[in-house]
Structure formats: structure tokens, C-alpha cells
Amino acid sequence: MPEEVTLTIDGKKITAKIGQSILEAAEENGVYIPHLCALQELHSTGACRVCMVRIDGRYSASCTQPVSDGLQVEVESDELLEIRKMIVEMLFAEGNHFCPCCEKSGNCELQALAYRLGIDSVRFPYQFPQREVDAEHPDVFIDHNRCILCGRCVEASRNADHKTALEFIGRGKNKRLAVTGIVDLDRADKAVSVCPVGAILLKRQAFQVPLGQRRFDHEPIGAEVESRNPEVRTP
Amino acid sequence: MTTAVKPRIATVSLAGCFGCHMSLLDIDERLLDLVEIVDFDRSPIDDIKTFTHRCAIGLVEGGCANDENVHVLEEFRENCDILVSIGECARTGGIPALRNSIPLAECLDEAYRSGPTVYNPTGTLPTDEELPLLLNRVVPCHEVVRIDYHVMGCPPSAETLWQVLTALLSNEKVQLPYELIKYD
Ligand code: SF4
Ligand code: SF4
Ligand code: FES
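Residues numbered from 1 in each chain as written. Chains lettered and ligands numbered in written order. Predicted model: local features only at pLDDT ≥ 70, side-chain atom pairs only at ≥ 80, totals over all residues. Heavy atoms only, no water.

**Digging into the interface of chain A and chain B**
In this complex, chain A contributes 27 residues to the contact, which on the side of chain B involves 23 residues. Buried surface at the junction of chain A and chain B, both sides included, amounts to about 2,200 Å², of which 57% is carbon and sulfur. Asp184(B) is the partner of Arg214(A) in a salt bridge, and the nearest nitrogen-oxygen pair spans 2.7 Å. The interface formed by chain A and chain B contains 14 residue pairs in polar contact (both at pLDDT 80 or more). With 3 residues, helix H3 (residues 109–117) of chain A is the largest single contributor of residues to the side of chain A that touches chain B. Looking at the side of chain A that touches chain B, its residues break down into 16 nonpolar, 7 polar and 4 charged. (Contact = heavy atoms within 4.5 Å. Buried area = accessible area lost by both parts, 1.4 Å probe. Salt bridge = Lys/Arg side-chain N within 4 Å of Asp/Glu carboxyl O. Polar contact = N/O pair within 3.5 Å; in protein donor to acceptor, adjacent residues only side chain to side chain. Helix = DSSP H or I, 4+ residues; strand = E, 2+ residues; numbered from the N terminus. Nonpolar A, V, L, I, M, F, W, Y, C, P; charged D, E, K, R; others polar.)

Printed below as a string of C-alpha cells:
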């Protein structure tokens, strides 16, 4: 069985290793596909759907779809851009995101994606749900207002920290993150460091990085991926 | 010599903190360039309280927290060709909308009766009919009227406001460089 396969992304041929996801193969070839829940060192759960592409004409999450020979993948189109924008706008409408007073601002992947996608207003009515801030842990805040239910922390707690300190409970719009209390969350846990937004934060660290030096102050999210490919210019 | 009629600009602060207006003043000496090419109509900058003419551009700071905000915003929509939401409060509700997940009665109780620094032995709430009525929720401007452009930032920087205004006044596309795009 061959180790490598060939597929096309927006008409361009790339080679990928068997076992890679489309998202990983694209990144390795310098093509950035916007995504929120996938993280290289974690198992992808396909929770956020931001990484949506068309594979042989069918819509699919690129982080969970493995590569195979001859696939034709569409990443950049007006329609896919619109779908990504809508998904990200829904995340803003569904939670309580007050960026001006959020410690994660400037380092937040959700916010950075909104910048990159050109979201200047949210088309869905803001829900302003009633959610809690859990400050019980001595070192860690959990702010449910900002949680986008991406599942990174749950995944990391289970498979990287080998605990199950965090789990999801409830369904649909009542789904939320819960601290199981079976084992203790530790400030050094991977689960604490992987949150793409400001929903899990270490205490006593807020606003330590000055404006102008934050992760996304100068370069859009995805620019580091695109710098691997001389043919792509980050918008 | 003919004097061309200058386009008119109106500005207002609804449920905002005036920070966006301060940021506009922060364009510094470019204010002099600005008044060369526009006239200010209804605005706290010249203290004109009602529209005197139709305006080319209306800049709205702040979202709607009470019935007066809604009324003024509707007036701006009627009187301005282009209506622009300026800043996070106008664009999303912003900091005033932090109260939205708490029932209004509880907010009023905290502010006027049970708050730790409140002295109000009779427990009355402000009821003067001159006072605008609070809405149940603070809402962004585009949930009340049609908004043509949204300018992000808390506040948008002076440079951002300058670039947006000059683009709109010269009929060009508003295209901000990445570093000026900020939700904070
Ligand atoms: S988590 Fe991100 S998007 Fe949400 S308020 Fe904080 S900075 Fe903004
Ligand atoms: S707390 Fe953060 S990492 Fe965990 S599910 Fe919510 S957004 Fe994702
Ligand atoms: S990154 Fe693929 S579904 Fe979230």
C-alpha cells in the first residue's frame, strides 16, 4: 500500500500522507483552512464545523475527513466563506462575548477568526444567555459566558492529562462544560492551556501582555501556515 | 467664486461612554482638515441639538438602552444618507449590555435599593416621567434600524475613524489595514 496519496485543493495538486486529515495535509502545504476546535496534538472531534470544505462536491469538516487518492477539495469560494462567517457569527450571538473587557482579547482564536473573515456585525440576534463564572478553583477560572463548546479541554483532560476532570453535560442549547470533581484539575494540565477563547484562564495572569504584543495584533490567524507557501498571500 | 455646499455630518452618543467621540477628537490637527470639507450638523461637537439639514453621514456611538435612544436612532436613520455604527457598544451592545443576562428589576434593585453603597431608606425607584424608560435589554443599533457601516473598536482608534471618514467622503471603499481591525 502506498504511503502517499495525491489530491487537489482548489485545483492545485498536493501530496499527503495516508492517515492525515484534509486539514493537516492542507496546512502542511501552506493552505490555511479556518478552524476552531481542531488542534494538532489532540484528536479531532469535529465539534465546531468552521473547517467546512467541499470534498468532491460534498460539504464536510476537513479536520475529521481523512485524505484519500484523487479527492478534489474546495477551500476558497464565496459560498464557503459565507458559511464560515455564519458559523462564527452564531458563536458570537449564542454566548456572551464582551471583547473590550476580556482577558483573552488579542490572543483569542475566535476573535482572530472574526477579524480574518471580515465580520463587522453579527446577522443573528444576540441571545445574551444567563451563564455562570466558576471561580472556585484556586488557580483556574472557568467563564461559561465565553465557552464555545469546542471540546478541546475535554479531549485534553481525557487523552493528554489522563484524567476526566472536565466533561460536557446537557444537550442542545443546554449543553455546557462541567467540572467532574472526580479528579482535580491542575494549573499545569493541558486542559487548562488549550482553550481557544477566554473560557478557561489561569488566575492572576490577566492583561500581562501589553497591547501591540499580543498573538494576533499584527498578523492574522493562519499567517504562519501560509508563510510556508510562497504562492499564497494572507489577506 | 462659487462655494460648493459641504456634506454635513451628524454625530450622537446613545448608550455609550463618549469614548468614541473622544477618539474622533483625537485625530488632532486633522480636525482642521475635516471642517474644511464637512459641516457638522446635529452633534455634541457643536452642541446643535436638532437636525437643521439632511446629512450625508451620521455617526452613532452606543447601542440602545432606553426608549429615547431608540427614538434618536430612528431620527438619525431618517435624516442621514449613510448611517455608521461606531464602536463596540453601537455594534454589539458593548459594556452596557453586560446587564442583559440579569432581569431589569434585579438591576434596578441593585442600583437603587440593595447595592452596598446605596442609601435609600424609602426604597423608591426613579419614576420621573422626564426620565427615559429603560429597555429590557440593551441592543446594538443594527437590531433597531438599518446600519450601512460598522466600525469596530473600543473605541476605534483616531486613525481608524479618519480612514473611514475620508473613504466615505470620497466615495471610496472602506478598506482598513489588518492592524486597525480590533474588537477592543
Ligand atoms: S473569548 Fe474571545 S471573542 Fe469572546 S470575549 Fe474574549 S476575546 Fe472576545
Ligand atoms: S472551555 Fe474552552 S476549550 Fe473547553 S469547550 Fe469551552 S471553549 Fe472549548
Ligand atoms: S476544526 Fe473541524 S470541526 Fe472544528
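Read on for the rest.
**Some points on the side chain of Glu88(B)**
Of note, Glu88(B) is situated in helix H4 (residues 87–92). Apart from residues no more than four positions distant in its own chain, Glu88(B) is found in contact with Pro100(A), Gly93(B), Gly94(B), Met152(B), Gly153(B), Cys154(B), Lys182(B) and Tyr183(B).

**Quick word on the pattern of salt bridges**
Using the criterion set out here, one finds 28 salt bridges over all chains in the structure. Close ionic contact of Lys182(B) with Asp217(A) constitutes a salt bridge, the shortest N to O distance being 3.8 Å. Of the two residues, Lys182(B) sits in the segment after helix H6 (158–169) while Asp217(A) sits in the loop between strand S10 (200–202) and helix H6 (223–226), which places them in two different chains. Both residues of the pair, Lys182(B) and Asp217(A), count as buried. With a shortest N-O distance of 3.4 Å, Arg42(B) and Glu75(B) are connected by a salt bridge. Linking Arg42(B) in the loop between strand S2 (39–40) and strand S3 (55–61) with Glu75(B) in helix H3 (residues 67–79), this pair joins segments that are 33 residues apart in sequence. For Arg42(B), a relative accessible area of 13% corresponds to the buried category. Through salt bridges with shared partners, a single ionic network connects Arg214(A), Asp217(A), Lys182(B) and Asp184(B). (Buried < 20%, exposed > 50% of the residue type's maximum accessible area, 1.4 Å probe, protein only.)

**Digging into the sheet that holds strand S6 (residues 133–134) of chain A**
Spatial strand order, S6-S7-S10 (chain A): 3 strands in an open sheet with antiparallel pairing. In this open sheet, the two strands that pair with only one neighbour each are S6 and S10 of chain A. (Pairing = 2+ DSSP bridges.)

**Brief notes about the environment of Phe51(B)**
Residue and element names in this part refer to chain B. On the secondary structure map, Phe 51 appears in the loop between S2 and S3. Classification of Phe 51 by relative accessible area gives buried; the value is 16%. Counting along the chain gives 48 residues from Phe 51 to Arg 99, while the straight-line C-alpha distance between them is 32 Å. Here Phe 51 is in contact with Ala 10, Asp 41, Arg 42, Glu 75, Phe 76, Asn 79 and Cys 80, once residues within four sequence places are set aside.

**Regarding the site of ligand 1**
Neighbouring ligand 1 are the residues Phe92(A), His97(A), Phe98(A), Cys99(A), Cys102(A), Ser105(A), Cys108(A), Leu110(A), Gln111(A), Arg146(A), Val197(A) and Gly198(A). Comparing atom positions with the cavity grids shows ligand 1 to sit within the second largest cavity. (Near = heavy atom within 4 Å. 1 Å grid on protein atoms, 1.4 Å probe; cavity = no way out; pocket = protein on both sides within 12 Å on 5 of 7 lines; lining within 4 Å. Sits in = over half its atoms within 2 Å of the grid points.)

**Brief notes about unusual backbone geometry**
A cis amide bond links Cys154(B) to the next residue, Pro155(B), at an omega of -10°. Secondary-structure assignment places Pro155(B) in the loop between strand S7 (149–151) and H6. One non-glycine residue, Asp10(A), lies in the positive phi region at around 45°. Among the secondary structure elements, Asp10(A) is positioned in the loop between strand S1 (4–9) and strand S2 (12–17). Of note, Asn171(B) is a non-glycine position whose phi angle comes to about 60°, a positive value. Within the element layout of this structure, Asn171(B) appears in the segment after H6.

**Describing the site of ligand 2**
Surveying the vicinity of ligand 2 reveals 14 residues, the closest of which are Cys147(A), Cys150(A), Gly151(A), Cys153(A) and Cys195(A). Here the residues of the shell around ligand 2 are counted per class, giving 12 nonpolar, 1 polar and 1 charged.

**A short note on the packing of helix H2 (residues 78–94) of chain A against H3(A)**
Residue and element names in this part refer to chain A. In contact at an axis separation of 10 Å, H2 and H3 are set at 140° when each is read in the N-to-C sense. On the basis of the axis angle, H2 is oblique to H3. H3 is crossed by H2, and the crossing has left-handed handedness. Here Leu 81, Arg 84, Lys 85, Val 88, Leu 91 and Phe 92 of H2 lie close against H3, whose contacting residues are Leu 110, Gln 111, Leu 113, Ala 114 and Leu 117. Looking at side-chain class alone, the contact of H2 with H3 contains 8 nonpolar, 1 polar and 2 charged residues. (Axes fitted to C-alpha atoms, helices over the stretch in contact; angles between N-to-C directions. Parallel < 35°, antiparallel > 145°, perpendicular 65-115°, else oblique. Left-handed = near helix turned anticlockwise from the far one by under 90°.)

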